[in-house]
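Coordinate analysis (summary)
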Amino acid sequence: MIPLKKAIDLINKNVIEIKKFDEIKIKEGLTRILAKNYKAKFNSPIYDTSSMDGIVILKDDLNKIKQFKIVGEIKAGSKLNKELISGEAKSIFTGAFIPGKKKKIVIQNENCIFNTGQTQVTIKNKKDLTNNIRLQGSNFKKGEVCLKRNSSLNIRSLSLANSLELEYIKVKSKPKIAVIITGDEIKSESNPDGQINSSNTIIIEHLTNYFGGEVIEIKFVFDLEEDIKKKFESFDDYDLLVTSGGLSVGKYDLIKSSLKKKNLSLIFEKVLIKPGKPISFGKFKKNKYFLGLPGNPVSCFIGSLFFLSKIIQNLKGEKKEYLKPIFAKSASFVSNNNHLTSINRLKIIKKENCYFFKILDSQDSSLLNLLAQSDGFIIREPNSQNIKVGTIHKIYLFSDFKNFNI
């Protein structure tokens, strides 16, 4: 049995990034990891453009001429116009190209006085004027690396990819996760007489998707060694096998003993953590990995947050911290912790713009209802001192796990 930190270190040491890639449309790229750098093939903007609606004049005319003759207009999307002559002005709109090669300045409409027929214009205030021109290549320049390898694509970077006129992008393949749910009591197509639905199926599948993996198949097995081995052998291609249940030392806890006969080499079998002590990790041949999660739903959930996330991250070659703490005051007294790292579920109380937390009285790992009602958790180190009312501690809110990457 090993400490939590040692277990995470062993996962980081042993799980190797997969070297598989997909070519996908950019609209499918949210949260995917780029497999290569992408350089701009052109300048953006292509030419100098106006940053606002107004008039464009020759810069040399600004302090020489009081009134300008309006000789036309330039809107966004118009082709480049011919050069202005001294004393001329054109109405110009945001995003429109600046005509000619001589230096220009754009005066915003609010600083202009137009005559009735919009044929003449006078500038109100000539002090402290900026040119209001976006220079060629000010967004990005031809040859500039705009999208970097190993970065996680978000809405902003996908918008940039579209501006780069990319239709397809090369990304790292999602880790493929195979799942085995154990137990004669679990209802499934192969066991319609089972007594309970598998809540862990929902936990594993959705958290796998959240962390960036892909569940390729979920199989339900009876508490029989032959059934476990048969279902395992039916998986074709996977990077990680996740099992739920069957990890303890009872008569029907057969996952590890069955999979050892299929070349599973265990790296650790138990972790000094509550809930989730039976969690096990290992690997098969050819960089295929194993994560054994307990059957109790709270243990499965906590194990997925700490271990499934870390394995998928390593398979993706991603550096990201999902657990981001906030600070809150304790609303109740909690006695000293035992020798395990305790992951205690809690409720949040907000008073006068300050967060208070109350650790739930029952921390039983089978109580899915209490897990659903909880707001987050606190990580209590082994043998840590009691928590006094009003003391400030780091806690983690489930609401801070966002399913968006903006």
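Residues numbered from 1 in each chain as written. Predicted model: local features only at pLDDT ≥ 70, side-chain atom pairs only at ≥ 80, totals over all residues. Heavy atoms only, no water.

1. What to know about the pattern of salt bridges
Inclusion rule: What counts as a salt bridge is simple: a side-chain nitrogen of Lys or Arg found within 4 Å of a carboxyl oxygen of Asp or Glu. The helix and strand labels rest on DSSP assignments: H or I over at least four residues marks a helix, E over at least two residues marks a strand, and numbering proceeds from the N terminus. Each residue's exposure class comes from its accessible area (1.4 Å probe, protein chains only) as a fraction of the maximum for that residue type: buried when under 20%, exposed when over 50%, partly exposed otherwise.
Tallied over the entire structure, the rule returns 19 salt bridges. For E225, the salt bridge identified is with K261, shortest N-O distance 2.8 Å. Taken as a pair, E225 in helix α4 (residues 225-233) and K261 in the loop between α5 (255-260) and β16 (265-268) lie far apart in primary sequence, 36 residues in all. On the accessibility criterion, E225 (22% relative accessible area) is partly exposed. Residues D227 and K231 are paired through a salt bridge, measuring 3.4 Å at the closest nitrogen-oxygen approach. Placement of the pair is D227 and K231 together in helix α4, with a separation of four residues, close to one helical turn. One network of salt bridges, with partners in common, ties together K20, K176, D237, D239 and K288.

2. Here we look at the sheet that holds strand β14 (residues 214-221)
Operational definition: Pairing between strands requires that DSSP locate at least two bridges from one strand to the other. A fitted line through C-alpha atoms serves as each axis, taken over the contacting stretch for helices, and the angle formed by two N-to-C directions is quoted from 0 to 180°. For this analysis, residues touch if any pair of their heavy atoms sits within 4.5 Å.
Read from one edge of the open sheet, six strands run β14-β13-β15-β19-β18-β16, paired in mixed fashion. Strands with a single pairing partner mark the edges of an open sheet, and in this sheet they are β14 and β16. Going across the sheet, the axis of each strand differs from the next one's by a mean of 25 degrees, ignoring polarity. Across the sheet, α4 lies against β13 (176-182), β14 and β15 (240-244), angled at about 155 degrees from β14, the strand it touches most. Sitting on the sheet, helix α6 (residues 297-316) is in contact with β13, β15, β16, β18 (280-283) and β19 (289-293), with an inclination near 170 degrees to β19.

3. What to know about the packing of aromatic side chains
Using the following cut-off: Aromatic pairing here means that ring centres of Phe, Tyr or Trp (its six-membered ring) are within 6.5 Å. Orientation follows from the plane angle: under 30 degrees is stacked, over 60 is edge-to-face, and everything else is tilted. Remark: a charge is flagged as sitting over a ring if the NZ atom of Lys or the CZ atom of Arg is within 6 Å of the ring centre and within 35 degrees of the ring normal.
By the definition in use, this model includes 14 aromatic pairs. Taken together, the aromatic side chains of F301, F306, F377, Y396 and F398 make up a single cluster linked through ring pairs. Over the aromatic face of F21 sits the side chain of K170, whose NZ or CZ is 4.8 Å from the ring centroid. Over the face of the ring belonging to Y238 we find K288, whose NZ or CZ atom lies 4.7 Å from the ring centre.

4. Points about the environment of V15
With respect to the secondary-structure elements, V15 resides in the loop between α1 (4-14) and β1 (21-25). Along the chain, V15 and I312 lie 297 residues apart, while their C-alpha atoms are 8.9 Å from each other. Not counting chain neighbours up to four residues away, the residues in contact with V15 comprise F281, Y289, I311, N314 and L315.

5. Structural notes on the environment of N131
Considering the arrangement of structural elements, one finds N131 in the loop between β9 (120-123) and β10 (133-134). Of the residues examined, N131 reaches a relative accessible area of 33% and is grouped as partly exposed. Those residues in contact with N131, other than ones at most four positions away along the chain, are K104, I105 and V106.

6. Observations regarding the packing of helix α3 (residues 199-211) against α6
What describes two packed helices is the angle between their axes and the distance between those same axes. Under the convention used in this document: Comment on the angle field: the value is read as roughly parallel under 35 degrees, roughly antiparallel over 145, roughly perpendicular from 65 to 115, and oblique elsewhere. Note: crossing handedness is left-handed where the near helix turns anticlockwise from the far helix by less than a right angle, and right-handed where it turns clockwise. The classification used treats Ala, Val, Leu, Ile, Met, Phe, Trp, Tyr, Cys and Pro as nonpolar, Asp, Glu, Lys and Arg as charged, and all other residues, Gly among them, as polar.
Remark: α3 packs on α6, axes separated minimally by 9 Å, with the N-to-C direction vectors making an angle of 30 degrees. By the angle class used here, α3 and α6 are roughly parallel. Judged by the twist between their axes, the crossing of α3 over α6 is right-handed. Residue-level inspection shows S199, N200, I203, I204, L207, T208 and F211 of α3 in contact with α6, the latter providing P297, C300, F301, S304, L305, L308, S309, I312 and K316. In terms of residue class, the contact of α3 with α6 is built from ten nonpolar, five polar and one charged.

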